[in-house]
Amino acid sequence: MSFLSISHISRSYGAIKAVEDFSLEVERGEVLALVGPDGAGKTTLIRVLCNLLDADSGSFSFDGADAFANFETIKPLLGYMPQNFSLYPDLSVEENLTFYAGIYGLTGAAFHQKRDYLYTFSNLAPFAKRRASALSGGMKQKLALSCALVHDPKLLILDEPTTGVDPLSRRQFWEILLELKREGTTMLVTTPYMDEVAHADRAAFIFNGSKLSEGTPAELAAQFVGQIFFLNMRPAPELLKALQSIEGLGARRFGAGMHVYLKPGDRVERFADQLKQTGVDVNLLTPIEPELEDRFIQLMETKV
Amino acid sequence: MNGNAVEISGLTRKFGDFTAVDHLTLSVARGEIFGFLGANGAGKTTAIRMLCGLLLPTSGQGSVDGHDILKESEKIKKTIGYMSQKFALYRDLTARENLDFYGHLYNLGNSTLKARINELAEQLSLTPFIDRLAGALPMGWRQRLALGVSIIHRPSIVFLDEPTAGVDPVFRRTFWGLLYEMAEQGTTIFVTTHYMDEAEYCGRISIMHNGQLIELGTPHDLVAKYGAKNLEDMFIDLIRPAGASNEEN
């Protein structure tokens, strides 16, 4: 049996089905990314798993135990970092850590040891006396993570931990998560950043409360149906519209250029004349492997 | 209107001993999509607040849409749109009521405003949500509404401070499609983002670090200049302190 076994979970708010028949297995030590658009049900699912919301139906087993029935036993094994900064803004970095450690009964020498360990990877030691409200975005997230880790959880659940954080802090944050993974922590993390999904062992796409697909990041990207070409031209709106109006061809802005999509088995040469009318030489189209984002958008569009 | 959309020179703002923005000099052409990048705490929001006439500089000068930022902040407020980092709409009002409220603040007449709201609802695909409470809108729709509010009076420049933080890739893409359309129609877009794929959509980007502008150019040229793999690596290499791991980030 898997370390985590999420089985047929549903949760509605009135008529709105926020999570619907959601199942997922997570192995011990795995980093699993839960990816989906806003309103897909990610946070509801996470709140159900953390026992902050009741499921309407379904079960959740944690290391073989029924997590809903035995939550008090599971709780010390679980670390949760919610989406919104939920630490005490008027307490200092160290006071927040002391407070969270106290909740889990960690005091004295054992706490000091844990605190120092957390400081080594968060680099928060120089800011120990600073009030949480005065920390930068990236430092707040590191403190929130430290508070979620203070009791040595076996499972860490992170709800969009890097939203609004700059690229350098984001990278540092993931370096910490990967260090935790090496130490054996299992992680369930939601993110709107496709590049972060690449850090995960596996990912699941969730949309309208249901799981659409799951696999390793490479497997998910490879599920893309069709062919993709990179067009290294400025994606001006009129050019994009002209390309999109060609029957049998799709186009989307991607970074400084565009991705052009063809159906499976089609030939790009077939579109040479039409492309020329939009000012694009067919030779400018370079075949590329699909990216995760290509597949994510494709899945969403077929469902809308 | 002649001249650049934004023209600033030596713009500086201190808070006590702390220099949040340090001699910022910059020009942004009309109709440009300008990406104003930097780490958290680099001084971006302070700079934007000065450009929007919400904060006076300690020293330096400049103009926005031809109006002096020191003396004509009231004129600037009428001509620009500003979408702040924090969701600043009335949660207990519907999307339509928010648009209506802000439209009246800009003295748009009833019939003009009604037509403008319908136009924006269409353009931003807000129509199905127009009579929902703003506080009950999903994140991506909230951001669209906030954009709608910031452009209700057809500003010539919009300042967008992290407009897509926490918004999923599909929404982000649609949002940027809207920005492109606005730029094509001549609106100047001045935008901050932490998403480097979005930074690539900009005509030019600048990078702020510790209050100073340390780079400025097209995304392509900057990546080439540093021989980086991509914009994100270039950005990180530029601001990551060598050897100093306890740097504040």
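That block above? That's the structure.
In short, a report on the structure. The shown structure was predicted, so the numbers you read here are calculated from the model rather than taken from an experiment.

Check the secondary structure of chain A and you find 11 helices and 14 strands. For chain A, the spread of C-alpha atoms along the three principal axes comes to 75 × 45 × 35 Å. Counting over 304 residues, chain A shows a buried share of 43%. Pairs at least 24 residues apart make up 69% of the contacts formed inside chain A by residues separated by at least 6 positions.

Another aspect to go through is the interface of chain A and chain B. At the junction of the two partners, chain A supplies 29 residues and chain B supplies 35 residues. For the side of chain A that touches chain B, the elements supplying multiple residues, two or more each, are helix H5 (137-149), helix H6 (167-182) and helix H11 (292-303) of chain A. When residues in the side of chain A that touches chain B are grouped by element, the largest group, five residues, is from H6(A). For the side of chain A that touches chain B, a count of residues per class yields 13 nonpolar, 10 polar and six charged.

We now examine the sheet that holds strand E13 (residues 257-262) of chain A. Residue and element names in this part refer to chain A. Taken in spatial order, the four strands line up as E12-E13-E11-E14 in an open sheet, and their pairing is antiparallel. For this open sheet the edge positions go to strand E12 (249-254) and strand E14 (285-288), each flanked by a neighbour on one side alone. The mean inter-strand angle of the sheet, taken between neighbouring strand axes irrespective of direction, is 30°. This element, helix H9 (residues 237-244), spans E12 and E13 of the sheet and lies at about 155° to E12.

Our next topic: the pairing of E13(A). All names here are of chain A. Both strand E11 (residues 227-231) and E13 contribute to a ladder of five bridges, which runs antiparallel. Following the sheet pairing, leucine 231 is matched in E13 by methionine 258. The hairpin turn running from E12 into E13, its antiparallel successor, is two residues long, and glycine 255 in that turn takes a positive phi close to 60°.

Once that is clear, we can look at unusual backbone geometry. For residues other than glycine, phi is negative in most cases, and the peptide bonds are mostly trans. Even without a glycine there, the phi angle at Asp63(A) is positive, about 50°. Along the polypeptide, Asp63(A) turns up in the loop between strand E4 (57-62) and strand E5 (65-66). At Arg154(B), a residue that is not glycine, the phi angle is positive and equals roughly 50°. Following the sequence through the fold, Arg154(B) ends up in the loop between helix H5 (139-150) and strand E7 (157-161). Judged by the 13 C-beta atoms lying within 10 Å of it, Arg154(B) is partly exposed.

Attention now moves to helix H1 (residues 44-51) of chain B. A turn of α-helix holds 3.6 residues, and therefore any two residues three or four places apart point the same way. Residue and element names in this part refer to chain B. Within H1, eight of the eight residues are buried, which leaves it mostly tucked inside the rest of the structure. Those residues of H1 lying buried are Lys44, Thr45, Thr46, Ala47, Ile48, Arg49, Met50 and Leu51. Downstream of H1 by a residue or two, glycine 53 has a phi angle that is positive, lying close to 80°.

Residues and elements named next belong to chain A. As a packed pair, helix H3 (residues 93-103) and H5 sit with axes 9 Å apart at the nearest point and diverge in direction by 25°. Classified by the angle between their axes, H3 and H5 sit roughly parallel to one another. For the crossing formed where H3 meets H5, the hand is right-handed. Contacts from Val93, Asn96, Leu97 and Tyr100 in H3 reach Leu143, Ser146 and Cys147 in H5. Looking at the contact of H3 with H5 residue by residue, the class counts come to five nonpolar, two polar and no charged.

Basis of the calculations
- Residues numbered from 1 in each chain as written.
- Chains lettered and ligands numbered in written order.
- Predicted model: local features only at pLDDT ≥ 70, side-chain atom pairs only at ≥ 80, totals over all residues.
- Helix = DSSP H or I, 4+ residues; strand = E, 2+ residues; numbered from the N terminus.
- Buried ≥ 20, exposed ≤ 12 C-beta atoms within 10 Å, placed from the backbone.
- Contact = placed C-beta atoms within 7 Å.
- Nonpolar A, V, L, I, M, F, W, Y, C, P; charged D, E, K, R; others polar.
- Pairing = 2+ DSSP bridges.
- Axes fitted to C-alpha atoms, helices over the stretch in contact; angles between N-to-C directions.
- Parallel < 35°, antiparallel > 145°, perpendicular 65-115°, else oblique.
- Left-handed = near helix turned anticlockwise from the far one by under 90°.

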